[in-house]
Amino acid sequence: MNLGFKRILVATDFSEPSALALEYAHTLARRFDATLVVVHVVEDPFPIGAEFESPDIAAYRTTLVEKARHELARAVAAVSDVEVHAEVLI
């Protein structure tokens, strides 16, 4: 039986255990010539409707996402021998 992974999804919260999970997923992606998809989810600190949004809330949310993108880029920087898609979600 050939598993034949095409894409491997790994979530990260930038902790040490998730770094180990990323390392393991990277190893699998290399072995199976698969694409590695790395995702980080930013919890929305203000889960209210758009009608209540203020510019400060939108700016804070943008700051959180940009910081997470920076951390995610650092987390996947060592992965250069497989195709990587990194995404930050809210």
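Residues numbered from 1 in each chain as written. Predicted model: local features only at pLDDT ≥ 70, side-chain atom pairs only at ≥ 80, totals over all residues. Heavy atoms only, no water.

Draft legend 1. Here's a closer look at helix α1 (residues 16-32). If you check α1, its first and last C-alpha atoms are 25 Å apart, about what 17 residues at 1.5 Å a residue would give, namely 24 Å. Those residues of α1 that fall on the buried side of the exposure criterion are S18, L22, A25, H26 and A29. Buried residues in α1, looked at end-on, bunch into an arc of 110 degrees, giving them a common side. The exposed residues of α1 that point more than 90 degrees off its buried face are E16, P17, E23, Y24 and R31. (Helix = DSSP H or I, 4+ residues; strand = E, 2+ residues; numbered from the N terminus. Expected span 1.5 Å × (residues − 1). Buried < 20%, exposed > 50% of the residue type's maximum accessible area, 1.4 Å probe, protein only. Arc of directions from axis to C-beta.)

Draft legend 2. Representation of the nonpolar core in the model. Core analysis: the biggest nonpolar cluster contains 16 residues, and I8, V10, L22, A29, L36, V38 and V88 have the highest contact counts within it. Examining the composition of this core, we find that four residues originate from one element, helix α2 (residues 55-76), more than from any other. Sequence-distant contacts of L36, defined by excluding residues within four places in its chain, comprise I8, V10, L22, A25, H26, A29, V79, V82, E83, V84 and H85. (Core = buried A, V, L, I, M, F, W, Y, C linked by side-chain atoms within 4.5 Å. Contact = heavy atoms within 4.5 Å.)

Draft legend 3. Spotlight on the sheet that holds strand β3 (residues 84-89). What the three strands build is an open sheet, ordered β1-β2-β3; its pairing is parallel. Both edges of this open sheet fall to β1 (7-11) and β3, since each of them pairs with a single strand only. Mean inter-strand twist for the sheet, computed between neighbouring axes without regard to direction, equals 20 degrees. Bridge analysis of strand β2 (residues 35-41) against β3 gives six bridges, and the strand direction is parallel. Of the residues in β3, the one forming a bridge with L36 is V84. Those strands touched by α1 are β1 and β2, and its axis lies near 175 degrees from that of β1. (Pairing = 2+ DSSP bridges. Axes fitted to C-alpha atoms, helices over the stretch in contact; angles between N-to-C directions.)

Spatial relationships are all this shows, so hold off on functional conclusions.
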